[in-house]
Amino acid sequence: MRIIHTSDWHIGQSFYNYSRDDEHRHFAKQLANEIYRLKPDALIVAGDIFDVAVPSIQAQKLLVEILTMLHDACPSMKIVLIAGNHDSASRLDIHAPLWHNINVEIVAGVNHDKPAESHIIKVKSPDGKLLGNIVAVPYIAEYNYSRYGLPSADTDETPEKLIQNFHQYLLDEAQKDNVPVIMTAHLAVAGAESWSHDQSKLSYHSVDMMGSGYDYLALGHIHHPSTITKDNSLARYCGSPFKLSFDEEFNHTVSVVSINFHDEKPLVSEIEIAPLYKSIKFPDTPTDSLSTLELIKGLKPSNGDYIRIDIVCDKPVDVSIRHKIEEIVSEKGYRFCLVNTISTKSPKVENDAKPVFLSAESIRKANPIEIARNYYAIKYNGQQLPIDIEKCLQTAINLSDTELREENV
């Protein structure tokens, strides 16, 4: 059995206000070419199909375009999509019965009433031979773990143990056919390479929580390719198909997995995806704003590469310099994203501008000026909000208040 594993497409993502639709089409064409060449038995998309839970009509149409292209490349191939934490399960589920008619299975929600029927997808050859079982488990929010314990589960067991019971039940059912078993999941597993992510937003789980009995665990959520070995089985993140942030400085790939027999260790190879546009951090060695401005003048022309300008500076870059930087890089064909300031000072609080981390409730009650002062102190190592910026902000607040009063008269 041969499968292609991909994930974290994030269709509809706006990268610093630039649409990425052309990049998604560029990726899809490469993937379709590989599908046509390899004729895999299944394609797994392990979550985060869309970038947001309520995708635009344009993003939804693009998904239809991509799935149709991939299906046409190999009509006998089973396509399996699961929902990720960025996806709305109910929205993906709406059209699942229609997609089923062209060999595309969407598993977005969890059916705990008939789990085996809903979550075990049988992959067959064109002549009807059973090649393997895919245990398709979508993203499950942690607060829902306790809902998916089997009826026989001990009520004193932890939520993690209950979800493990749910996984194990599915795996036990899938193994009865004595064919390769592939499982899917969308979560952070301990031991994965995840340095490109904001660690404060990741909640790690032991791979043991996924149960035992799968040959390959097709993971999504973490954008860096990474493999975790467990006995003869493999758990793997294939990674995102192209850069979704400037910090993803690694090759982006899809994974090709071959499994001959159940309980035999899978063979995994990677297919690198060539980006349509590069994401550049300039210069290689950041310096002050005036020196950076001179370096930018020597940049080679581009055909639309994204660019972030890094400047060593302990205060906001002068607006006129920032505008000049944007003007030059845009004239050279780059997609200007932002000026990123790098402070030379060690983090400390100065001049009584002590940053305070506010709760959502305190933010609702706080004065906007105080929020701005606090944000500035956090952003610029304890420095005070400049008086001219504060005056400008106060003027904007006053004008807004006046407009609201006039509307309510």
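Residues numbered from 1 in each chain as written. Predicted model: local features only at pLDDT ≥ 70, side-chain atom pairs only at ≥ 80, totals over all residues. Heavy atoms only, no water.

Chemist: I'm lost on helix 8 (residues 319-331) in this one. Help?
Modeler: Think of an α-helix as 3.6 residues a turn; residues three or four steps apart then line up on the same face. An ideal rise of 1.5 Å per residue puts 18 Å on 13 residues; helix 8 measures up with 18 Å between its terminal C-alpha atoms. On its buried side, helix 8 packs onto helix 7 (289-297), strand 18 (306-312) and strand 19 (335-342). Note on helix 8: the residue one or two positions beyond its end, Gly-333, has a positive phi of about 95°. (Helix = DSSP H or I, 4+ residues; strand = E, 2+ residues; numbered from the N terminus. Expected span 1.5 Å × (residues − 1). Contact = heavy atoms within 4.5 Å.)

Chemist: Quick question: what am I supposed to make of empty space enclosed by the protein here?
Modeler: Take a probe with the size of a water molecule and roll it over the atoms, and the empty space left behind shows itself. Throughout the structure, instances matching the rule amount to 1 cavity of 30 Å³ or more. The computed volume of the largest cavity comes to approximately 30 Å³. Taken together, Glu-23, His-26, Phe-27, Phe-242, Ile-273, Ala-274, Pro-275 and Leu-276 form the lining of the largest cavity. (1 Å grid on protein atoms, 1.4 Å probe; cavity = no way out; pocket = protein on both sides within 12 Å on 5 of 7 lines; lining within 4 Å. Points joined across faces, edges and corners; volume = space filled by probe spheres on them.)

Chemist: When you look at the nonpolar core in this model, what are you seeing that I'm missing?
Modeler: Soluble globular proteins tend to bury their nonpolar side chains together. In this structure, Trp-9, Leu-31, Ile-35, Leu-43, Leu-70 and Leu-81 are the most contacted members of the largest nonpolar core, which totals 37 residues. Residue assignment for this core shows that the elements contributing at least two residues are helix 1 (21-38), strand 4 (42-46), helix 2 (57-73), strand 5 (78-82), helix 4 (96-100), strand 6 (104-107) and strand 15 (253-258). Setting aside residues up to four positions removed in sequence, Leu-81 forms contacts with Val-45, Ile-49, Leu-63, Leu-67, Val-104, Glu-105, Ile-106 and Val-107. Among the nonpolar cores identified, the runner-up in size contains 28 residues, and Ile-140, Ile-163, Ala-188 and Val-207 belong to it. (Core = buried A, V, L, I, M, F, W, Y, C linked by side-chain atoms within 4.5 Å. Buried < 20%, exposed > 50% of the residue type's maximum accessible area, 1.4 Å probe, protein only.)

Chemist: Where do I start with helix 2 in this structure?
Modeler: A rise of 1.5 Å per residue sets the reference length of helix 2, with its 17 residues, at 24 Å; its end C-alpha atoms lie 25 Å apart and thus fit the reference within 8%. Turning to helix 2, its buried residues number three or more, namely Ala-59, Leu-62, Leu-63, Ile-66, Leu-67, Leu-70, His-71 and Ala-73. Buried residues along helix 2 cover an arc of 165° about the axis, so they all sit on one side. Exposed positions of helix 2 whose direction lies more than 90 degrees from the buried face are Ile-57, Lys-61 and Asp-72. (Arc of directions from axis to C-beta.)

Chemist: What exactly am I supposed to notice about the layout of surface pockets here?
Modeler: Considered as a void within the structure, the second largest pocket measures approximately 280 Å³ in volume. What lines the second largest pocket is a set of 16 residues, among which Gln-60, Leu-63, Arg-91, His-95 and Trp-99 lie closest to the centre. Elements that contribute at least two residues to the lining of the second largest pocket include exactly helix 2, helix 3 (89-94) and helix 4. Here the residues of the lining of the second largest pocket sort into 11 nonpolar, 3 polar and 2 charged. (Nonpolar A, V, L, I, M, F, W, Y, C, P; charged D, E, K, R; others polar.)

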